Amino acid sequence: MMDNPDHPLHETVLGRQSIFSQRLFQIQCSTDRFRRSFLPKAIIIFKVKAAETMESTRRRPQHHANGKGSEAVEKSAQWGRAWEVDWFSLIGVVGLLCFAPFIVFYFVMACDQYECSISQPLLDLCQGKATLLSIWARAPSFTWTAAKIYAIWVSFQVFLYMCIPDFTHKFIPGYVGGVQDGARTPAGFINKYEINGLQCWIITHALWFANANYFHWFSPTIIFDNWIPLLWCTNILGYAVSTFAFVKAYLFPTNAEDCKFTGNIFYNYMMGIEFNPRIGKWFDFKLFFNGRPGIVAWTLINLSYMAKQQELYGHVTNSMILVNVLQGIYVLDFFWNEAWYLKTIDICHDHFGWYLGWGDCVWLPYLYTLQGLYLVYHPVQLSDTHAVAVLLLGLVGYYIFRSTNHQKDLFRRTEGACSIWGRKPTYIECSYLSADGRSHRSKLLTSGFWGVARHFNYTGDLMGSLAYCAACGLGHILPYFYIVYMTILLVHRCVRDEHRCSSKYGKDWRRYTDTVPYRLIPGLPTSSPIAPEGEEELPVSGFTHCQIDKQLTVNGNLEIFMR
């Protein structure tokens, strides 16, 4: 079955293969008899459930108030994270749960106590000059002042998100805001979203500048002055919202059909169970915590760093200005394209758990802004040549990132009836089967930047990330954590997409990768196929994608379910 791509169960069995060890996931059974009979039983029940799925598809109502229609099952298969967890993934999950908060604290503490040296704390510990308790004692603790600041901040962002419908799309040409449809969920739901991120960003920053120049309600350095006490507040919110989402999935899920349980409490807690947890009709956990309060705060944090540098040294360095400008462009791009973000992997593929909840509250605002924090302690003044080189690297990276995504969106909207780089686009036409057994066709773009290398938008993203770090000079390693992290993140995303999309298109992937043999870097061939951006980030469906989940009942009967 695994060697025969034309076998009807080829993709089913192949889909149970670990992307790390290449072994097949085995159902966890209590007796050898069940274990030995897994594959024959799986084949039999596969056929039965396939017939039931097709029959339920025919009987599904045409329309629902939430957007779920008769065609919903056509987008219903490979979504979210794995049903089962191998030991490699479980070790990674437990490691992140245990050490990620300490990584954030370590970097912030290194700047506060060791002037951003990440090696000196370790040397002091090894030489007996410091202990873990002494380092902890010197760190600022939780304060009620910081708690009030953070509570006001989060409440204000909730108010802007929930209570002020977007009106900027009515007078800003080209901006897409207001109520927008998201992608179809695995259960067939189409959620509606109030896209008002750009408006929230504008209102927030208008008030910030009004306060700094006219009202003087608080100091512009308020964020930096309470940075470590605020860290404890962000952790409280991150763990609280993650735990709430975890419990909610068991007790009162928004859409029970979109929940996914692995049987492993650690994996469920970290990667999430619910696909789109909501409170009421409009408060969507994913959209709010992904975009607000972390990304809106990103530019405010940098402005607070800039104000602190002005306060301490009497001037603002060109490196600080570069960091503010380049990261500000990235943040504005995110909110300008927030409607497009509804079609990305975060919304269409990932579930909401600690990974997103805690990550957006703590990891993003604290580690994505390390460059500005470093420049407060080390006010680097770049030479004109160095500054221009950093600016050009950042702008060229942004141009590649945005142009690559624009080409994909243009090609998708026009179904290929467009011009890319002055020519009619070329593409690979692929076919795949949906959950009801119907054949569908898809076009994979091979023109423009998509003909240069697969995932070339990631390359532009990495160029921009390197520019942020390079603006800090070469005095310390700490500012370069961001480029290291982004490289790991995007390469890992490539691996995930490759595994999923090669299953969707099968033999057609080889045609695509033969046409575009490079990944990320032109001239660097890879042996594994990856989908072009946009194809892999949408919920992938297919009868060929149906994988087999397991459940061992109390009386010992093995039940195998389809997803």
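Everything in this summary refers to the structure shown in the same document. (Residues numbered from 1 in each chain as written. Predicted model: local features only at pLDDT ≥ 70, side-chain atom pairs only at ≥ 80, totals over all residues. Heavy atoms only, no water.)

Re the overall build of the chain
Across its full length, the chain holds 23 helices and 8 strands. In the chain, which comprises 563 residues, the share counted as buried stands at 56%. Residue pairs at least 24 apart in sequence account for 74% of intrachain contacts in the chain once pairs closer than 6 positions are excluded. On the chain, roughly 25,000 Å² of surface is accessible, and the fraction owed to carbon and sulfur atoms is 64%. (Helix = DSSP H or I, 4+ residues; strand = E, 2+ residues; numbered from the N terminus. Buried < 20%, exposed > 50% of the residue type's maximum accessible area, 1.4 Å probe, protein only. Contact = heavy atoms within 4.5 Å. Areas by Shrake-Rupley, 256 points an atom, 1.4 Å probe, with all protein chains shown as cover.)

Some thoughts on the side chain of Thr317
Examined against the element boundaries, Thr317 turns out to sit in the loop between helix H13 (294-313) and helix H14 (318-336). For Thr317, a relative accessible area of 1% corresponds to the buried category. Separated by 2.9 Å, the side chains of Thr317 and Ser319 make a polar contact. Apart from the residues lying within four places of it in its own chain, the contact partners of Thr317 are Gln309, Pro379, Val380 and Gln381. (Polar contact = N/O pair within 3.5 Å; in protein donor to acceptor, adjacent residues only side chain to side chain.)

Regarding the packing of helix H21 (residues 456-470) against helix H22 (residues 481-505)
One can describe the packing of H21 onto H22 by two numbers: an axis separation of 9 Å at closest approach and a directional angle of 170 degrees. On the basis of the axis angle, H21 is roughly antiparallel to H22. In the crossing of H21 with H22, the sense of the turn from one axis to the other is right-handed. Of the residues in H22, those in contact with Tyr458, Asp461, Leu462, Ser465, Leu466, Tyr468 and Cys469 of H21 are Tyr482, Ile483, Met486, Thr487, Leu490, Arg493, Cys494 and Asp497. The class makeup of the residues in the contact of H21 with H22 is 10 nonpolar, 2 polar and 3 charged. (Axes fitted to C-alpha atoms, helices over the stretch in contact; angles between N-to-C directions. Parallel < 35°, antiparallel > 145°, perpendicular 65-115°, else oblique. Left-handed = near helix turned anticlockwise from the far one by under 90°. Nonpolar A, V, L, I, M, F, W, Y, C, P; charged D, E, K, R; others polar.)

Quick look at the pairing of strand S1 (residues 178-184)
Here S1 pairs with strand S2 (residues 190-195) via 5 bridges, running antiparallel. Within S2, the position partnered with Gly178 by the bridge is Ile195. Between S1 and S2, which pair antiparallel in sequence order, lie 5 residues; one of them, Gly188, sits at a positive phi of approximately 100 degrees. (Pairing = 2+ DSSP bridges.)

Topic: H22
The first and last C-alpha atoms of H22 sit 36 Å apart over 25 residues, in line with the 36 Å expected at 1.5 Å per residue. The positive-phi residue at the C-terminal boundary of H22 is Gly506, with phi of around 60 degrees. (Expected span 1.5 Å × (residues − 1).)

Some thoughts on the nonpolar core
Across soluble globular proteins, nonpolar side chains show a tendency to be buried alongside one another. Core analysis: the largest hydrophobic core is formed by 109 residues, its most contacted members being Trp227 and Trp363. For this core, the leading source of residues is helix H4 (residues 87-114), giving 11 residues. Contacts of Trp363, omitting those with residues within four sequence positions, involve Ala100, Ile103, Val104, Trp358, Tyr368, Phe481 and Tyr485. Membership of the second largest hydrophobic core comes to 9 residues, among which are Ile428, Cys430, Tyr432 and Trp509. (Core = buried A, V, L, I, M, F, W, Y, C linked by side-chain atoms within 4.5 Å.)

A word on the pattern of salt bridges
On inspection of all chains with the given rule, the structure shows 9 salt bridges. Between Lys308 and Glu311 there is a salt bridge, with its nearest N and O atoms 2.8 Å apart. Of this pair, Lys308 and Glu311 both sit in helix H13, separated by 3 residues, roughly a single helical turn. For Lys308, a relative accessible area of 10% corresponds to the buried category. Here Arg402 and Asp333 are joined by a salt bridge, their closest N and O atoms 2.8 Å apart. You can see Arg402 sitting in helix H19 (residues 384-414) and its partner Asp333 sitting in helix H14, a full 69 residues away along the chain. Across the pair, Asp333 and Arg402 agree in class, each one buried. Each of the salt bridges in this network shares a partner with another, and the network as a whole consists of Asp225, Lys308 and Glu311. (Salt bridge = Lys/Arg side-chain N within 4 Å of Asp/Glu carboxyl O.)

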